Amino acid sequence: MQHLSGSPVELLAAYLSKASDLCKKIDGLPEELKSCVQKAFTLSEGLNVSKVTQKEEKDLPICKNIQSGLSGNLKNTGLQLYKLLLHINGAKTILQLPLCPEYDIKSLADCLPEDGKLVVRASESHPGRQQETSPYNKKIHVQYGSTADILKMSQGRQPITEGLQDPCVLKIEGCIDPPNIHFPNIVGVNDVITLLLRGEQFDMVFMDATEQNHINYYNLIINSNMLKMNGVMCVQNIFMKMLPSRENISDDNWETAAREMTNVINAYPGTEEVHLPVDGGISIARRKYVSAEMEVKDGIVKDVVFYGYNGYRILDRMRLDGKVAYVTGGGQGIGRAFAHALGEAGAKVAIVDMFLEKAEIVANELKLKGIQSVAIAADISKNEDVKRIMDTIVTNWGRIDIACNNAGINMNSASENTTLEEWDKTFNVNLRGLFMCCQASGRVMLSQGYGKIINTASMASLIVPHPQKQLAYNTSKAGVVKLTQTLGTEWIDRGVRVNCISPGIVDTPLIHSDALKPLVQRWLADIPAGRLAQVTDLQAAVVYLASEASDYMTGHNLVIEGGQSLW
């Protein structure tokens, strides 16, 4: 019989197709047998991922010279899975031990943040080639040599490195007339110890089940600190031999090796894994996380610190999944940044703003990111509007867990020229309106037995910013701090924490107006950090105060101003 290659499902479909054809040619077979074979073939075709198109093949970034032995669609399915895992894991560092095509490397690098790193193993270097500029230069780092050498380097043991020079050009194995892919920052092997791994760790590691010493590689990576605590190991070719590397074992033994690798993965007590029939068979494993009662053994204390409070690790404790939040003044600036941060952490977010159009734009931004959101137009200086905000949120989502009272105004004038109208308007929004929001949301939270209120105060509550004159604003923000402290002490024993954030001078479009632009240099001279705050500088603070990780904090004024209040 002709030898077939492919994933297990592809092979199943191929053999059933052949069986179906044979049934049609052989006379005298029972019709029921023919029907069963045909139905089995039809079912296998439905499971065949190579028939499922992720994109049109013409849109795939596939090098024409690469012969992978796979259909473009099947290969794309495996690659899409890796990319999805990368996004879910939030990976920033990847170790790619199997030799792989250029489009795999670039596609994974595209998913990494700007400061991400993809370390790739290559078979050899080509000195003396002209360097080119590439968007991948900062992310892709190529290591030359065997997997064994690279893993030794990761443990701080230097391999033999004579005879290789810089600049280097990546040679893609498996190509006819391999393209020259230039990466100016590719280090020569003499720099490998510096690049790789003075204790460096990875969020994702890819290895090949058909390589020599594959079990030793797996054990080394899992048992060492190379894989981060929440890292993911992807072992390829656990079912079938695909894209064999130069180090792969003999053709006669590859199936046995892949089976041995699968058995090791399944038997390892410290991981949980899933096997998928994609891209030659993939095993995806990560460390198992099981909470247990406190125990002390060999001096190692396994307690709430070891396992995490209530079984949650620290970053998991800052998740806001299932929580309901609102942000006043959420249509722009700091409020918009707060809304995105809370939503990214898992909360449903109501965007409250004076102008419905602005609120809807931000709400739509969140929806594009898969965040549940609603836009509400309201003036928080009006009691009936505040009541409507709370009623709308509770009607939509049944509760309020996080109240982010951020709306505020500033009307600059010298103290002797400050009118009662200006004073009242400032206080009606900054303090009176904020109090009404605290009280209304607090009543909901007290009935629930839990909630987080986060008020936006200002560095102006601590110092008198200059040279601008803003008596009403400064005083109102000082009132926000004292209100926060008072509510924080009154409500904490009933499950509601109240804290505030005091930003410094934030770089917003208003700062660059003709009226304020001349003041920027004066402000910068007063800021030890040497720059204005960005709205992104405040996002982590609001998530922390909204999460259970800050449950022991109340009545606190969290100051984020680049050190300006210290001078």
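The following paragraphs examine the structure supplied in this document. Residue numbers run consecutively from 1 along every chain, following the written order of its sequence. Residue-level local features of this predicted model are given only where pLDDT is at least 70; pairs of side-chain atoms are given and counted only at 80 or more, and the full residue set underlies all totals for whole chains, interfaces and linings. The side-chain values count all of the structure's non-hydrogen atoms but skip hydrogen atoms and water molecules.

1. Description of the overall build of the protein chain
Here's step 1: Scanning the protein chain from terminus to terminus reveals 17 helices and 18 strands.
Here's step 2: By definition, residues are in contact when any of their heavy atoms lie within 4.5 Å. Restricting to contacts in the protein chain with at least 6 residues of sequence separation, those with at least 24 account for 71%. Secondary structure elements follow DSSP: runs of H or I no shorter than four residues count as helices, runs of E no shorter than two count as strands, and numbering proceeds from the N terminus.

2. So, the nonpolar core
Here's step 1: Residues grouped as a nonpolar core are buried Ala, Val, Leu, Ile, Met, Phe, Trp, Tyr and Cys residues, joined through side-chain atoms within 4.5 Å. Three labels apply to residues, based on accessible area from a 1.4 Å probe with only protein chains included: buried if under 20% of the type maximum, exposed if over 50%, partly exposed otherwise in between. Counting 36 residues, the largest nonpolar core has Tyr326, Ile389, Met390, Ile393 and Ile453 as the members making the most contacts within it.
Here's step 2: Among the elements of the structure, β12 (324–328), β13 (348–353), β14 (373–377), α13 (383–397), α14 (420–448), α15 (471–491) and β17 (496–503) are those that each provide at least two residues to this core.
Here's step 3: Examining the composition of this core, we find that ten residues originate from one element, α14, more than from any other.
Here's step 4: Ignoring sequence-local partners within four residues, the contact set of Ile393 consists of Val324, Tyr326, Ala350, Ile376, Gly398, Arg399 and Ile400.

3. Remarks on the state of the cysteines
Here's step 1: Disulfide: a pair of cysteine sulfur atoms within 2.5 Å of each other. Per the stated rule, a full pass over the model turns up zero disulfides.
Here's step 2: Here Cys36 stays free of any disulfide, with the sulfur of Cys23 as its closest cysteine sulfur at 9.9 Å.
Here's step 3: Left without a disulfide partner, Cys437 is nearest to the cysteine sulfur of Cys438, which lies 7.2 Å away.
Here's step 4: Classification of Cys437 by relative accessible area gives buried; the value is 1%.

4. Remarks on the sheet that holds strand β18 (residues 557–560)
Here's step 1: At least two bridges found by DSSP between two strands is the condition for calling them paired. Reading across the sheet, the seven strands line up as β14-β13-β12-β15-β16-β17-β18 and stay open at both edges, with parallel pairing between neighbours. Pairing within the sheet leaves two strands with one partner each, and these edge strands are β14 and β18. Pairs of neighbouring strands in the sheet enclose a mean axial angle of 15°, with direction left out of account. Angles shown run from 0 to 180 degrees and are taken between the N-to-C directions of axes, each axis being a line fitted to C-alpha atoms and, for helices, limited to the stretch in contact.

5. Some remarks on the environment of Asp551
Here's step 1: Within the element layout of this structure, Asp551 appears in the loop between α17 (539–546) and β18.
Here's step 2: On the basis of relative accessible area, Asp551 is assigned to the partly exposed category, the value being 21%.

6. Brief notes about the pairing of β12
Sheet faces and side chains relate simply in a regular strand, where the side chains alternate between the two faces.
Here's step 1: The buried fraction of β12 is high, at five of five residues.
Here's step 2: Side-chain alternation along β12 places Val324, Tyr326 and Thr328 on one buried face and Ala325 and Val327 on a second face that is also buried.
Here's step 3: In the sheet, β12 pairs with β13 via five bridges, with the strands oriented parallel. Bridge pairing in β13 places Tyr326 opposite Ala350.
Here's step 4: When the strands point away from the viewer, a crossover counts as right-handed if the route from the first strand across the helix to the second turns clockwise. Considered for its hand, the β-α-β crossover made up of β12, helix α11 (residues 333–344) and β13 is right-handed.
Here's step 5: Judged from the three bridges that link them, β12 and strand β15 (residues 402–405) form a sheet pairing that is parallel. What sits directly across from Tyr326, in β15, is Ala403.

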